[in-house]
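Residue-level listing of the chains:
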Amino acid sequence: MMEKCKGCLKEAIDEELPKRMGKNQPSKDVTNNTNLKNTIKSKAKVLSEFKINKSSDINIGVQDVLNKIGRPCSSKIVDSIFQKKIYKLYGFIPEHRLKIIEDSIKYLNIKNSNNKTDSIYQNNLCKVYNLIYGNTIYIKLDSKRSFQLILTSPTTSIIAKSKYIFIISILLVLLIGVILIFQLINMIKDKEFTKFMKDYTRILAHETRTPVNDIYMLTSILMSDDLVDPIKRKSYYNECLSQCSKLFLGIDNILLVAKAEQSKFMITKSTVDMRAFINKIADKYKSNNFPRKDLKIETSCDSEEYIANIDPDLMENVIFNLIENAIKYSKEALLINLSCSIENKHLVIKIKDNGIGISEKDIKHVFRIFERGEKIPSSQIKGFGIGLYYVYKVVKAHKGNVTVNSTEGVGSEFIIDIPNRFQ
């Protein structure tokens, strides 16, 4: 900015000179020589037409002659020209002071502000011409004087003019920062998801192989003629059913992972008798004799006939997931109450258990994908945090809501509320 101001001031001085030379002003008594006046006028004409005033030495000489004949330089006119030029360049006029000073004052100011003993200032001061010193600009006018331009607050002027640019720049920086943060979060999530898929594939392969191997062994025993005891035969059949349930659950988990990232489920609704639907799901768990747990499932419906319009396959998976969660996160003795009702043309399904419950901190994000409670021992209770996310997605696909009420150490109750529409 100082360099631009220096250039504008130099141009203003050069433009003021030919204008002043062409004026018809009465001269001082210092020179009444008509030939000298005519010579000055002719030189002024030549300088104006051929722009010889671009030479600093000629300008200084002409300034001396004009000053001698009574046509001194006007700082007001120079300042006016300077302001027009600087406004055209920057769009604003910085706060400044412009005046003509003697060279002795100029050199004294430079020397005092420099605080050095320099041979240039001491021995040959005449060689110091146009320069920028701090926030002050000096432009040589004639042999004894110079223009002094002091920018009183250049930084304030620039900031005042550029405040909108600064604001936009700061907003852009903040926007870029937010984008980078989100990008970093996505990279971390991708890394975690890749690790999850590796662990999931390894564990799922192991868990799928185990029931298949058990079914194969039990089937081989049942086909042999050595097994005559009907009680043992029945227990082996029950164990086969149990292992088949585990295998189906593993396959369902594969589907859950595939569907978890889908934004929308495709549902196929049909009319379902909810009383029979609920009892059918409960009977599967009652007949399977879930190992290692003392499981009891109770069902209740407010009426004999409950006709609902839902996707039976998806909703069955939803209830299976909630029951499996209740079994996993419970003590040895477990009571599950499965109930349904129709309230204000809405189907309401409730799954209540007396398990270990969910903490207040975990209950806020229990339906997020890959989320598991902090107090859940991952080594003892297997899972990946996708079951409840699947429940949430299916219920949302039915235009409904799912909520949970839970007390840590007492139990949990999941409530599914779906509009019962037949259109």
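Look a little higher up for the structure.
Described below are features of the structure shown in this document.

Another point: the overall build of the protein chain. Secondary structure summary: the protein chain contains 12 helices and 11 strands in total. For the protein chain, with 423 residues in total, the buried portion stands at 35%. A separation threshold of at least 6 residues defines the contact pool for the protein chain, and within that pool the share at least 24 residues apart is 71%. If you sum the accessible surface of the protein chain, you get close to 26,100 Å²; carbon and sulfur atoms cover 56% of it.

A word on the sheet that holds strand β8 (residues 333-343). With mixed pairing, 5 strands are arranged side by side in an open sheet as β6-β8-β9-β11-β10. Every interior strand has two partners, whereas the edge strands, β6 (294-301) and β10 (401-407), have only one. Between one strand and the next, the sheet's axes are offset by a mean angle of 15°, whatever the strand orientation. Of the pairings in the sheet, the one linking β10 to strand β11 (residues 411-419) comprises 7 bridges and is antiparallel in character. Along β11, the bridge assignment pairs Ser406 with Ser412. Along the sheet, helix α10 (residues 312-328) makes contact with β6, β8, β9 (346-353) and β11, crossing β8 at roughly 150°. Of the strands in this sheet, β10 and β11 are in contact with helix α12 (residues 387-397), which crosses β10 at around 140°.

Our next topic: the side chain of Gln148. Within the secondary structure, Gln148 is located in strand β4 (residues 145-151). Separated by 3.4 Å, the side chains of Gln148 and Tyr138 make a polar contact. Those residues within four positions of Gln148 in sequence are excluded, and the remaining contacts are Arg97, Leu98, Lys99, Ile101, Asn109, Thr136, Ile137 and Tyr138.

A few words on the pattern of salt bridges. In the structure shown here, the tally under the stated rule is 5 salt bridges. A salt bridge links Lys85 to Glu11; its shortest N-O distance comes to 3.4 Å. In this pair, Lys85 sits in helix α4 (residues 75-90) while Glu11 sits in helix α1 (residues 2-21), placing the two residues 74 residues apart along the sequence. Looking at Glu11, the relative accessible area reads 40%, which means it is partly exposed. Salt bridges here are not isolated pairs; linked through shared partners, they connect Glu11, Glu15 and Lys85.

A separate point is the state of the cysteines. Under the criterion given, the structure shown has 0 disulfides. Between Cys8, a free cysteine, and Cys5, which holds the nearest cysteine sulfur, the sulfur-to-sulfur gap is 6.4 Å. Residue classification places Cys8 among the buried positions, given a relative accessible area of 7%.

As a further point, take the packing of aromatic side chains. Enumeration according to the criterion identifies 2 aromatic pairs in this entry. Note on Phe367 and Phe414: the rings are 6.3 Å apart at their centroids and 80° apart in plane angle, and the pair reads as edge-to-face. Of this pair, Phe367 sits in the loop between α11 (360-363) and α12 while Phe414 sits in strand β11, and the two are 47 residues apart along the sequence. Comparing Phe367 with Phe414 shows no difference in burial state: the two are buried.

Right, let's talk about α12 for a bit. Counting buried positions along α12 yields 9 of 11 residues, so the element is predominantly enclosed. Of all the residues in α12, the buried ones are Gly387, Leu388, Tyr389, Tyr390, Val391, Lys393, Val394, Val395 and Ala397. Just downstream of α12, Lys399 is the residue with a positive phi angle, here 65°.

The relative placement of two packed helices comes down to the angle between their axes together with the axis-to-axis distance. Their axes nearest at 9 Å, the elements α10 and α12 cross at an angle of 150°. When you trace α10 past α12, the crossing you get is left-handed. Contacts from Leu314, Asn317, Val318, Asn321, Leu322 and Asn325 in α10 reach Gly387, Leu388, Tyr390, Val391 and Val394 in α12. By residue class, the composition of the contact of α10 with α12 is 7 nonpolar, 4 polar and no charged.

Rules used in this analysis
- Residues numbered from 1 in each chain as written.
- Predicted model: local features only at pLDDT ≥ 70, side-chain atom pairs only at ≥ 80, totals over all residues.
- Heavy atoms only, no water.
- Helix = DSSP H or I, 4+ residues; strand = E, 2+ residues; numbered from the N terminus.
- Buried < 20%, exposed > 50% of the residue type's maximum accessible area, 1.4 Å probe, protein only.
- Contact = heavy atoms within 4.5 Å.
- Areas by Shrake-Rupley, 256 points an atom, 1.4 Å probe, with all protein chains shown as cover.
- Pairing = 2+ DSSP bridges.
- Axes fitted to C-alpha atoms, helices over the stretch in contact; angles between N-to-C directions.
- Polar contact = N/O pair within 3.5 Å; in protein donor to acceptor, adjacent residues only side chain to side chain.
- Salt bridge = Lys/Arg side-chain N within 4 Å of Asp/Glu carboxyl O.
- Disulfide = S-S within 2.5 Å.
- Phe/Tyr/Trp six-rings, centres within 6.5 Å; stacked < 30°, edge-to-face > 60°.
- Left-handed = near helix turned anticlockwise from the far one by under 90°.
- Nonpolar A, V, L, I, M, F, W, Y, C, P; charged D, E, K, R; others polar.

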